[in-house]
Each structure stands twice: as structure tokens, then as C-alpha cells.
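Each chain is listed here by its residues.
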Amino acid sequence: MAGNTLRFKTNYAVSSKIEPFYKGGKVQISNDEQYIFCTCGPRVNVLQISTGKIVHSFEQDDQEDITSFSLSPDDEVLVTASKALMLKQWAWKQDKCTRSWRAIHNVPVASMAFDCTSTLLATGGCDSTIKIWDVVKQYCTHNLKCSSGVVHLVQFHPDINLLQLFSSSVDCGICIWDLRTSKRVCVLESHFSLVTSLAFSLDGHTLISSGRDKICTVWDLKERTVKRTVPVYEAVEGVIVLPENKDYSQLGVKSPELHFVTAGSKGVLRVWHCSSARCVFAQTPTATAPLGLVHCLLMARSARIAAVTAEHNVLLYQLPYLSMQQQFVGYNDDVLDVKFLGKEDTHIVVATNSSQLKVFDLATSSCQILYGHTDTVLSLDVFKKCSMFASCAKDNCVKVWRMDSETGIVRCVAQGQGHCNAVGSVSCSRLKKNFLVSGSQDCTIKVWDLPAVFPAVGSEPAKLITRITEKAHGKDVNSMAVSPNDKLLASGSQDRTAKLWSLADMSLLGVFQGHRRGIWCVQFSPVDQVLATASADGTVKLWGLHDFSCLKTFEGHDASVLKIIFVSRGTQLVSGGSDGLVKLWTIKTNECVKTFDAHQDKVWALHSSSRDDLVVSGSADSTITVWKDITEEELAEEQSKQEDQILKQQELSNLLHEKKYLKALGIAISLDQPHTALQVIKEIRQAEEGTRQLEKTLLRLRQDQKESLLRYCVVWNTNARNCLDAQAVLQVLLTHLSPEELLQLQGVRTHLEGLIPYTERHMQRVGRLLQASMFLDYMWRQMRVAGCGTSEELRVEEMDTSPRECFIIDKRPELEKRTVTTHGQEDEDDYSQESVGANGSRDVSEDEESVGAAKGASAPRPWLRKESGPNRPKTTGHEVLSESSEEDDDDDDVMEISTRCPPTQVAAPTSCILTEAS
């Protein structure tokens, strides 16, 4: 049961991307035939043929468009030229620019080419000049001046011993330059239009040129004359020479003589015999043929031909049959819809702002381009658990496509026409796969029945039959959805409403009203009787199918919400909007869990895989992004981290117990736990010879560990309880590391700036504490009062300052008491003059009496009686015990108790005797 527990998704990561890599211009294939180099605005992209992924991208600092580039034959050096007249030399395998210099051309470079030794580079400019550069010694070797116009074609002769350069400009001539003399030795004139391509024979004695004047010319380079003019009957953009001594009989090649291949405006490859000027083979023009070819490149090692179409697609044909092997889409334009295809979701089918459909293999990014619609395809939908999907377009047509499970080839098996305006939405049945539904801008909904048996390969597509047509909305129908049980249909329209229909008879069951603008998407929940709608008002709403009430509203997009899908078994939603954002929502909490920003324009397309682990999104920025659910991976990683931390914490405790401080401190730093590191520092300082042990431990740390410890000290130093530990660490670092070593620590300046103010505050606090302690010491010395004969008694007396009761026992005879009472004043005067006796006792003086009076003592001063002899009582605390002579009779004893001593006696204790006359 635990394994079946549903977990909410919390995060997606980009698994792969299909993005534009070619927008027109030059295309070149590396000599090892593993990479395709092509221009895309301000960048040169490097596409790996085996994976279809962009592995390198080079962009100049000036952000200007790349006008031309060239790759050296040894596949080591790439040189690019931009509109800012800058040339850059790249070590492209290391993604590093090795050299940059300014072109001597006055206007941008239009063409570039390396010689076969990868030493000389020729640049043809729009200023009618050609510059030759030595890329090894890094200087310009030649400056050649053409007649006029842009030099759009430069190419070295394959035989380097000849040192010849061929060029062509708008004058339609082919110039031959001798680099030894820097002079033009000949101009080959035959074409009446722009020369587009040059191809040399293997021996270098024959040259074939092609032009937009619909002819190819075969030249004898020894005689520099025309050997044959071949009428091609189409504007030729590229020409290549077939390799010799190979069997191309399947292409009509029956002799070892020279043959060449042309690519032109008709979009097909043709094979020509040079001697007879006859076409021996031509691809059959079909509806699937590209509109035109603009480049043709030979891949001799792998026996392939690469052709580049006018629609920015790169097609790879396998020799000798010229069969299609791979297709790479260089530019998709706006992506309007995308769906996973295949039982294992190995492919995706994409509808772009064109009449073509593109089926991508996710493993290799290789693409099948499907032709069939005559106008822009607007929407797609797939049949569950089979390799079939439906498409609709602006040509008012609906088509059904099927992928062959063995070959992977997709073909159209059925089509239907009947709408009188563009068909904007299509939805397929979920269970029986025997019908589909379409919604059009003519405000109608049609239910189409699928044939029981589809036609065989090579046959015409079957015709779809309309079962029901219903006028559904007052404006365009933007979205359709069939319920999981095939009984209900939901439609969303530009009229701001969504409607629920019964598929049996297309009867209206209810209307969902509440959106303030048009509805772009409707989706049924896979488990609940709930409908989700996305609107141009920026909200997503959930509706109950029983009472058609709004259950929840999700707000978060800044603009129109264009697409929504259910994930996590209907417990979560993924939405895409015109703000370029993809959002993940949890329905129960109404919360946006995560926002993903990977697109620069409207997100029109969203779809989830059958296993619910992938989501694909398509945008108007021509980018298709495949997202992978990484929730489980994050949970596993977090759990693993927690387990590692528990183990390390245990190890840390063991190390501290064993007093292995260095390793303990290293573990605390590796865990990035400042508090744990602080505990280790405290343990070190509390050990024997803590200062020496701390110094020894810190100096053995690595540099990165010292950086972390310095960062921790900034935090510790902010707390007065931990500042001593922080200062102890700082003392070691500042004492043993030189300023140069300190400055090498990352972020040391910031850390020191954070340490200074708190350190100054701690110093001020210590200064105030020192001042207070000195004042306390002064007061202590001033308040010392001797109450006993010895220094130890004095110390005890000074320590005991608590108020006490004074008990006085007087056993004198009655007559003696009266005498004391009568002569009290006289005795007081005598006592006031007493000083410290020989035995160390002290009598009260006038100064002490005045001090007591100044402190506010209001009680009258008690009578004092001077004792002498060995039986004199000792003054302890605040009480005086007086005893009479041994001759006194015990029967006549009288005990008298005095009142509590006044506060003055606490500060300066005196011998108090309170007596009362009888």
C-alpha cells in the first residue's frame, strides 16, 4: 500500500529541448562528418548529427549577426565574421576564442573558405575585394581586387601546389587568381546569372559550376574552356561530384565517367552524366517533397548527401539509393500544439505555424516532416494507447494519422471535410477509438465516425463521415474535450462560455458561465466529475458537472492562460500562459507549487506522457521543452542527505570523544553547520593547552575550510556569548597567515568588513566593564571597616554586611547601672576620644559618628561602655556582648535586648549597648 501512495509533484526539470539552430545562411559539415555548422542570427551553432543536440554555440561580443564563417579541413579552427567587421578565431572544441582582429574590408564579409592545408583563409567582402590571411602566422598575405559587386563565393583549388583561388561576384564570372603573383589569370564566363556553387573533380582537372540561370557548366581547367553545358531546367543552388570507383547503379550510373548531383528550386536531387549532359536519375516529386533546396553537401566517408531546404531543414540522404535517413528541423516558427506519440512516448508530434506536421524522435531529435494539409495546422489530439493522432487546420479539413510500429513511418489514413471555416480544435475518443470531434470558427461542432478498417500503405486515405453537426456557440470554438468514458463532450468558446454536451445525441446538458473573456482550453478530470477551463482573463476555474457551479479559481498568470492539463491522477494542474510561464498547481490547497520559466513567448502547447512522468511544452518562441518530474529524485536525495548527516553527526561525536579535533572540525565544515563547528572550537579551547591545540588544528585546515571558518566567525562574532571563540580563531588566522594569503581567501574583504563593527562593540563593552570593576574595587577599599583584632577577623567582618539584631546582656549591680546613667554624658565624651587599642580593637570616633549621621541614621546613638582587660568582649557583626566581673551575683542578672541597629551601623559597624534604667 505504501508503494501506491500518491505523491504530489513538487518540481520539474528540463530534460531536453528542441530549439531553432538554423535560420538561413551558410551550412558546413565537419570533415569527420559528426557535426553540422550553421548560422542562426548572431550565433554559429554546432549540431551533433548522432543526437540532434546543439553541443556548441559561438556568439561574437558585438552581438551582431554572423555574415559568414568557415571551418578548417582539419576540424580544429573556426573563423567567424560579423557585421561589425570583426573576425574571430575559435578553438571550437574547447569553446574558446583564441584570436580576434578587425577585417580590412570596409563592409561586411560575405564569403569565407580555407585551403586544404588549414593555413590560408580567404575572405570575400561586399566591397569587391578578397583578402588572404595566414591563420598560423596571423597576418594578411594578399589583397585582391575584383571588378565589382559582392564577392559571394570564394574557393581554393584542391591542389595546393597550384596556389589558385576561385571567386565569383555579381558579374556572373568565375575569376581564377594566382596567389604567387597576386594576379587574376583568367575569368571563366558562361553563366548569365549568379554562380551559386563550384565542384572540382577528384583529379582537379575539371570544374563544375552551377547558377540560377538553370544551367550547369563543365570546365576544363587545363584549357580553361567549356567542356559541356548542362541544361537543368531549374535554378540550381548546389552541385557536388559523385565519388569515383563506387557502384551507383541504383542511381542510373552505368559508366565510370564523371557524374554530378544538383539540388535546386524543385526540391529534388538529380544525377547528371557530364559527357552526355543527360539526367540519369531524379527523385520522384511527391507531396512530401520540400519546396526548394538551397545547399547540397557531400559526406563521402559515410556515403551520404546533405541537402538544406528553403524551410531551414537539413535532410540526410543515404547513397546509393538516395533514401531519406535523417531530417533536422532548423526552425519551427510558432509551436501551436504538441502531443506525445507512441506506446512508450518515444516521439512527439508538433503543429507549427505552417501546413506541415513534424514528428520528432526524442532520442535523436530526428524528424519526419508530414505533408497533407494545405494551410496552417492549428490543433492536435492523440488516441490513447495507440500510435494514432488527429489534426485540424485552416484548410477546413480534419485528418487522421497513423505511425507504423515497425518502421516508425507516419502516414495519413483518413480525412474529412465539411466545415466552412478554419477548424480550431479536435478531440479523439478515449475508449473505443471509433470517433473524433472537431470545433470550428464557423461556431459548429462535428462528430466524425472513423472507418473500421484503414486503407493499406500506398492507398488513398479513407473519408470520414459526419455523424452529427451542432451549432454550439456564438463565436469561435477554441477547445474540445471528450470525457474519459466517451459519454460527455465539453467545448470552450470565444464567447466566454463553456458548454457540456451528451455525445449520444449532442444535447446540451449545461453551460459554465463566469469567465470575463474567451476560453482557450477545457479539460476533464481523469478521476473526478470536474471540468477545468482556462481563459484569457488570466484564471483557471474548476466546475462541478452536477450543478455547473464554480468550485475553485486559480489566479497567478499575468496574462491569458492558453493551455491546461491534469497530472498526478487529477490532483494537480499544469498551466501555460501567454506570459511564457508554466505553472504547477495543487487543486486541494489552491496553491501554485512551482513556476517554470523556460520560454520567451506564449506557451500554446502542453501535454503529459502516459506514465505521467514527462510534460512537453511548446511556445511561440519556436522552442519545444520536455520536462521531467524530479520529485522522487529530490525526495531520495534529501533522504540520503539526512542519513549522511546522521552518520556524520555520530562520527563527529565519536571524534570529539576521542579528541580528534582536526577531523571533527573538517566534518562540521563539510556539513556546513556553523553551530556544530562552534561546539568543536569550544571543545578544543576547553581541553588541556587549548590555545596551542586550537592553533595546531586550524593551521592544518585546507584553504577552502579556512574560508568557511572565517565565514562562520562573522556569525559567531555577532553574539557576545560566542565572540571569545570567534576572536580566538581570528587570532590564529591573522597571526599565522600573511596578508597575501588572507587576500586569497574567497570573500575575505566582505568577512573582515563584517567583523570590524562587532569587534569594536565588544572592545567598548570590555572597556566599560573594566572601568566598573575599578570603581567597585575603589568602593570596596573605602568601605573596609576593621571589627576584629586580626586580619582574618577583619576580613570576616568586612564580608559579613547583612543587618542583624543586637543582643546585650548586662549583669552589673543596680547601683553600678545608676552610676552609668548619671554620668552617661561624661562617659560618652571619654569614649569619643578613644583610638585603636593595643589589642587591635577599635572604638568609635567623632569622624565615624559624623559619617553615620550623614548617612541618615535617625536613631539616637546608644551608650557605649569601654571594656578592658582580658575578659573584654569581641565585636562580631552588629552585636556586642557585655559581661560583668566574676564577682557579680547571678541572681541579680538583668538581660536587656536592644533594637535593630540603624543602617549606618551596617556600613560601619560599632559596639552598641542599649540599657534602660530601672
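Residues numbered from 1 in each chain as written. Predicted model: local features only at pLDDT ≥ 70, side-chain atom pairs only at ≥ 80, totals over all residues. Heavy atoms only, no water.

Asks: Give a detailed account of the overall build of the protein chain, specifying residues and quantitative values.
Replies: When helices and strands are counted, the protein chain shows 13 helices and 59 strands. Per-residue burial over the protein chain gives 49% buried out of 918 residues. Taking the contacts inside the protein chain whose residues are at least 6 apart along the sequence as the reference set, 47% of them involve residues at least 24 apart. Looking at the protein chain as shown, the accessible area adds up to about 44700 Å², and 50% of this sits on carbon and sulfur atoms. (Helix = DSSP H or I, 4+ residues; strand = E, 2+ residues; numbered from the N terminus. Buried < 20%, exposed > 50% of the residue type's maximum accessible area, 1.4 Å probe, protein only. Contact = heavy atoms within 4.5 Å. Areas by Shrake-Rupley, 256 points an atom, 1.4 Å probe, with all protein chains shown as cover.)

Asks: Could you give an account of the nonpolar core, naming the residues involved and the relevant values?
Replies: Judged by nonpolar contacts, the single largest core of 34 residues is most densely connected at L665, L698, L709, W716 and V729. Counting residues per element, the ones that place at least two in this core are α1 (631–657), α2 (661–670), α3 (674–686), α4 (690–699), α5 (703–716), α6 (723–736) and α8 (748–782). The contacts of L665, once residues within four sequence positions are left out, are A677, V680, I681, T697, L698, L701 and L709. (Core = buried A, V, L, I, M, F, W, Y, C linked by side-chain atoms within 4.5 Å.)

Asks: Give me the pairing of strand β7 (residues 78–82): which residues, what numbers.
Replies: Of all the five residues making up β7, five are buried; the element is thus mostly covered by neighbouring parts of the structure. Of the two faces of β7, the one holding L78, T80 and S82 and the one holding V79 and A81 are both buried throughout. Alignment of strand β6 (residues 66–71) against β7, held across five bridges, turns out to be antiparallel. For S70, the partnering residue across the bridge sits in β7 and is V79. Connecting the antiparallel pair β6 and β7 is a turn made up of six residues, with D75 showing a positive phi of about 60 degrees. When β7 meets strand β8 (residues 86–91), the two strands line up antiparallel, connected through four bridges. Looking at the pairing, T80 lines up with K88 of β8. (Pairing = 2+ DSSP bridges.)

Asks: Give me the lowdown on the sheet that holds strand β5 (residues 54–59), citing residues and values where you can.
Replies: Two strands in a sheet stick together by hydrogen bonds in their backbones, pointing the same way (parallel) or opposite ways (antiparallel). Across the sheet, which stays open at both edges, the four strands sit in the order β2-β3-β4-β5 with antiparallel pairing between neighbours. A strand with exactly one partner marks an edge of an open sheet, and here the two such strands are β2 (27–29) and β5. Taken pair by pair, the neighbouring strands of this sheet meet at an average axis angle of 20 degrees, ignoring direction. (Axes fitted to C-alpha atoms, helices over the stretch in contact; angles between N-to-C directions.)

Asks: Go over the confidence of the model for the protein chain with me, naming the residues and quoting the values.
Replies: On average, the protein chain scores 82 in pLDDT, and the residues at 70 or more come to 84%. Taken together, the stretch residues 786–791 has pLDDT below 50 and engages in 12 contacts with residues farther than four places along the chain or on a different chain. (pLDDT = per-residue confidence, 0-100.)

Asks: Residue-level account of the pattern of salt bridges, with values.
Replies: This structure, assessed with the given rule, holds 13 salt bridges. One network of salt bridges, with partners in common, ties together K9, D612 and D629. (Salt bridge = Lys/Arg side-chain N within 4 Å of Asp/Glu carboxyl O.)

Asks: Can you lay out the pairing of strand β24 (residues 269–273) for me, pointing to particular residues and giving the numbers?
Replies: For β24, the buried fraction is high: five of the five residues fall into the buried class. Alternating positions in β24 separate into two faces, L269, V271 and H273 on one and R270 and W272 on the other, with burial throughout. Of the strand pairs in this sheet, strand β23 (residues 259–264) and β24 are connected by five bridges, and their pairing is antiparallel. Each bridged residue has a counterpart across the sheet, and for F260 the counterpart in β24 is W272.

Asks: Could you give an account of unusual backbone geometry, naming the residues involved and the relevant values?
Replies: Cis geometry is found at the peptide bond from L319 to P320, where omega equals 10 degrees. Looking at the secondary structure, you find P320 in the loop between β28 (313–318) and β29 (323–329). Although it is not a glycine, R224 adopts a positive phi angle of roughly 55 degrees. Here R224 is to be found in the loop between β20 (215–220) and β21 (225–231).

Asks: Which residues make up α8, and what values do they have?
Replies: Across its 35 residues, α8 extends 50 Å between first and last C-alpha, which sits within 8% of the 51 Å expected from 1.5 Å per residue. Residues of α8 that are buried include every one of V748, H751, L755 and H762, and no others. The secondary structure elements touched by the buried residues of α8 are α5, α6 and α7 (739–743). (Expected span 1.5 Å × (residues − 1).)

Asks: A description of the packing of aromatic side chains should follow, citing residues and the corresponding values.
Replies: All chains considered together, the criterion is met by 13 aromatic pairs. When the ring of F512 is compared with that of W543, the centres are 5.6 Å apart and the planes differ by 55 degrees; the resulting orientation is tilted. With F512 in strand β46 (residues 507–513) and W543 in strand β49 (residues 539–544), this pair connects stretches of sequence that are 31 residues apart. In terms of burial, F512 and W543 fall into one category: buried. Taken together through their ring pairs, the aromatic side chains of Y12, F596 and W627 make up a single cluster. Residue placement shows R467 over the ring face of F435; its charged tip is 5.5 Å from the ring centre. (Phe/Tyr/Trp six-rings, centres within 6.5 Å; stacked < 30°, edge-to-face > 60°. Lys NZ or Arg CZ within 6 Å of the ring centre and 35° of its normal.)

Asks: Give me the sheet that holds strand β57 (residues 624–629): which residues, what numbers.
Replies: Strand order in the open sheet formed by four strands is β1-β57-β56-β55, with antiparallel pairing between adjacent strands. One side of each edge strand has no neighbouring strand; the edge strands of this open sheet are β1 (12–18) and β55 (603–608). The average undirected angle you get between the axes of adjacent strands in this sheet is 25 degrees. Here β1 pairs with β57 via six bridges, running antiparallel. Bridging across to β57, V14 finds its partner in W627.

Asks: Please give an account of the environment of S653 that cites residues and values.
Replies: Tracing the sequence through the fold places S653 in helix α1. Sequence separation between S653 and A664 is 11 residues, and the spatial gap between their C-alpha atoms is 8.1 Å.

Asks: Help me get a handle on the side chain of S560, residues and values and all.
Replies: If you trace the backbone, S560 turns up in the loop between β50 (550–555) and β51 (561–567). At 3.3 Å, the side chain of S560 forms a polar contact with the backbone oxygen of A536. Those residues in contact with S560 that sit more than four places away from it in its chain are W520, S535, A536, G538, G577 and S578. (Polar contact = N/O pair within 3.5 Å; in protein donor to acceptor, adjacent residues only side chain to side chain.)

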